[in-house]
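# Breakdown of the fold
These are the residues of each chain, in order.
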Amino acid sequence: MEDVHHYAAYTKAQQLIKWRRYKEALKEAEQLISQVPEHPDVFALISQIHLFMDEYDKALHWSNQALKREPQHELAWFVRVSVYYYTDKDRAFEEALQEALRIDPYEPHYYYLQANMLNKKGRPKQAKTALSHALELRPESPLYLALLSYTEALLTNFEDSARLERQALNNNMESPNVYFFLGLSSGQRGEYKLKETYMRNAVRLDPDNKQFQDEFLDALQHNEKLFKICLWPVKYLRKMKNWQILLTWVVAMLFFRPLLILFIVLYVLLHWVTKAIVHVKVFGWGRRGV
């Protein structure tokens, strides 16, 4: 069979994907089926378009169609791994990831997704290992550097986190995801003003992303003067080891219990008060949010 990549519709669909004109790309790909009805590349292309449109069930269906015809199709496996990642199907994600890495061990994005999943599970050490593999394959990637900066911050390696942040910024080409992870990184280090700047840029570049919006509002809240009153002890806690935090908590419970309870009550109260203040500043009165 003639290579599907020679068809003008395939090339046009790929270009439309780059321009994020996904509905038009889908029409081109569906038209291509009439020309090459059993070609796995076409099915994989359609699955990729549905992935970008956040239509995960359809993306998985079409990737399965491609894999029935070519079990080791790289794009189809990439879509399958991505669908399981975005739908939080951890076990299916891990199984698909191992098979995808066997087929295409030089795809760095797999290690990036794995690192993200590990961070969500509270396993930053393993995430750091996964990111080292990604950066071996693509050492200048600002996205991978930004995620590693966040991972180092989770590990309380703040100097390494700041260094990686600078590297990511030097390589960044206005990517909202890079700004997002740099925002998480600076927030983890307690640099909330910097977090606000990064999250503002992420929202500017991708205004419809709910996670970006929430983190931006969180940064605004942390920069409210009232909230900073209760944040000053946290700055010191971030620099302490786990055993030191535990010891401090035990001592506080034994000897300063009334003050500790008062602090917790004030913290909760100021959390909701400043949350309301930020909400009114951003959305005005009478609006529930984005």
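On a predicted model such as this, the values are computed, not experimentally measured, just so you know. (Residues numbered from 1 in each chain as written. Predicted model: local features only at pLDDT ≥ 70, side-chain atom pairs only at ≥ 80, totals over all residues. Heavy atoms only, no water.)

### Some details on the pattern of salt bridges
Across all of its chains, the model carries 16 salt bridges by this definition. One salt bridge in this structure joins Lys12 and Glu28, with 3.3 Å as the shortest N-O distance. Here Lys12 is found in helix 1 (residues 8-18), whereas its partner Glu28 is found in helix 2 (residues 22-33), with 16 residues between them in sequence. Here Glu196 and Arg200 are joined by a salt bridge, their closest N and O atoms 2.7 Å apart. With a gap of 4 residues between them, Glu196 and Arg200 both fall in helix 12 (residues 192-205), about one helical turn apart. Residue classification places Glu196 among the buried positions, given a relative accessible area of 9%. One salt-bridge network, held together by shared partners, links Glu165, Arg189 and Glu191. (Salt bridge = Lys/Arg side-chain N within 4 Å of Asp/Glu carboxyl O. Helix = DSSP H or I, 4+ residues; strand = E, 2+ residues; numbered from the N terminus. Buried < 20%, exposed > 50% of the residue type's maximum accessible area, 1.4 Å probe, protein only.)

### Re unusual backbone geometry
Most of the time, phi is negative for any residue but glycine, and the peptide bond is trans. One non-glycine residue with positive phi stands out, namely Arg20, at about 65°. Tracing the sequence through the fold places Arg20 in the loop between helix 1 and helix 2. Phi angles above zero are rare outside glycine, and Thr156 is one such case at about 60°. By relative accessible area, which is 39% here, Thr156 ends up partly exposed.

### What about the side chain of Ser47?
Here Ser47 is to be found in helix 3 (residues 40-52). Here Ser47 is in contact with Ala59, Trp62, Ser63 and Val79, once residues within four sequence places are set aside. (Contact = heavy atoms within 4.5 Å.)

### Quick look at the packing of aromatic side chains
Applying the stated criterion across every chain, the model contains 11 aromatic pairs. Ring plane angle 35° and centroid distance 5.6 Å describe the contact between Tyr112 and Tyr144, whose orientation is recorded as tilted. Taken as a pair, Tyr112 in helix 7 (residues 108-120) and Tyr144 in helix 9 (residues 142-154) lie far apart in primary sequence, 32 residues in all. In terms of burial, Tyr112 and Tyr144 fall into one category: buried. Look at Phe180 and Phe181: their rings are 5.3 Å apart centre to centre, the planes differ by 65°, and that puts the pair in the edge-to-face class. In textbook terms, an aromatic cluster arises when at least three aromatic residues are bridged by ring pairs, as seen for Tyr112, Tyr144, Phe180, Phe181 and Phe212. (Phe/Tyr/Trp six-rings, centres within 6.5 Å; stacked < 30°, edge-to-face > 60°.)

### Let's talk about the UniProt feature "repeat: TPR" (unreviewed entry) in the protein
Those residues carrying the UniProt feature "repeat: TPR" (unreviewed entry) are residues 40-73 and 176-209 in this numbering. Secondary structure across residues 40-73 divides into 79% helix and 0% strand, with the first and last C-alpha atoms of the span separated by 8 Å. In residues 176-209, helix accounts for 79% and strand for 0%; the two terminal C-alpha atoms are 10 Å from one another. (UniProt positions renumbered as here; feature names shortened; annotations may be inferred.)

### Some words on helix 11 (residues 176-188)
Owing to its 3.6 residues per turn, the α-helix aligns residues three or four sequence positions apart on the same side. Between its first and last C-alpha, helix 11 extends 18 Å over 13 residues, near the 18 Å set by a 1.5 Å rise per residue. Among all positions of helix 11, only Pro176, Val178, Tyr179, Phe180, Phe181, Leu182, Gly183, Leu184, Ser185, Ser186 and Gly187 are buried. (Expected span 1.5 Å × (residues − 1).)

### A look at the nonpolar core
Grouped together as the largest cluster of nonpolar side chains are 54 residues, with contacts concentrated most on Val81, Phe93 and Phe181. Here this core gathers at least three residues from each of two domains, domain 1 (1-105) and domain 2 (128-239). Beyond its immediate chain neighbours, meaning those up to four positions away, Val81 contacts Phe93, Ala96, Leu97, Ala100, Tyr110 and Leu113. Among the nonpolar cores identified, the runner-up in size contains 16 residues, and Tyr7, Ala9, Tyr10 and Leu16 belong to it. (Core = buried A, V, L, I, M, F, W, Y, C linked by side-chain atoms within 4.5 Å. Domains from an automatic or database assignment.)

### Some words on the layout of surface pockets
Approximately 1700 Å³ is the volume found for the largest pocket. Along the wall of the largest pocket there are 40 residues; nearest its centre are Tyr86, Tyr112, Asn177, Asp206 and Asn209. Looking at the lining of the largest pocket, you find at least three residues from each of domain 1 (1-105) and domain 2 (128-239). (1 Å grid on protein atoms, 1.4 Å probe; cavity = no way out; pocket = protein on both sides within 12 Å on 5 of 7 lines; lining within 4 Å. Points joined across faces, edges and corners; volume = space filled by probe spheres on them.)

### A word on the packing of helix 8 (residues 124-137) against helix 9
When two helices pack together, you describe them by how their axes are tilted relative to each other and by the distance separating the axes. Viewed as axis vectors pointing N to C, helix 8 and helix 9 meet at an angle of 155°, and their least axial separation amounts to 10 Å. As far as their axial angle goes, helix 9 and helix 8 are roughly antiparallel. As for how helix 8 packs across helix 9, the hand of that crossing is left-handed. The residues of helix 9 that touch helix 8, namely those facing Pro124, Ala127, Lys128, Leu131, Ala134 and Leu135, are Tyr144, Leu145, Leu147, Leu148, Thr151, Glu152 and Leu154. Looking at side-chain class alone, the contact of helix 8 with helix 9 contains 10 nonpolar, 1 polar and 2 charged residues. (Axes fitted to C-alpha atoms, helices over the stretch in contact; angles between N-to-C directions. Parallel < 35°, antiparallel > 145°, perpendicular 65-115°, else oblique. Left-handed = near helix turned anticlockwise from the far one by under 90°. Nonpolar A, V, L, I, M, F, W, Y, C, P; charged D, E, K, R; others polar.)

### Concerning the environment of Ala146
Residue position: Ala146 is located in helix 9. Judged by its relative accessible area of 0%, Ala146 falls in the buried class. Note: C-alpha distance between Ala146 and Leu169 (23 residues apart in sequence) is 8.3 Å. The residues touching Ala146, leaving out its near neighbours within four places in the chain, are Ala168, Val178, Phe181 and Leu182.

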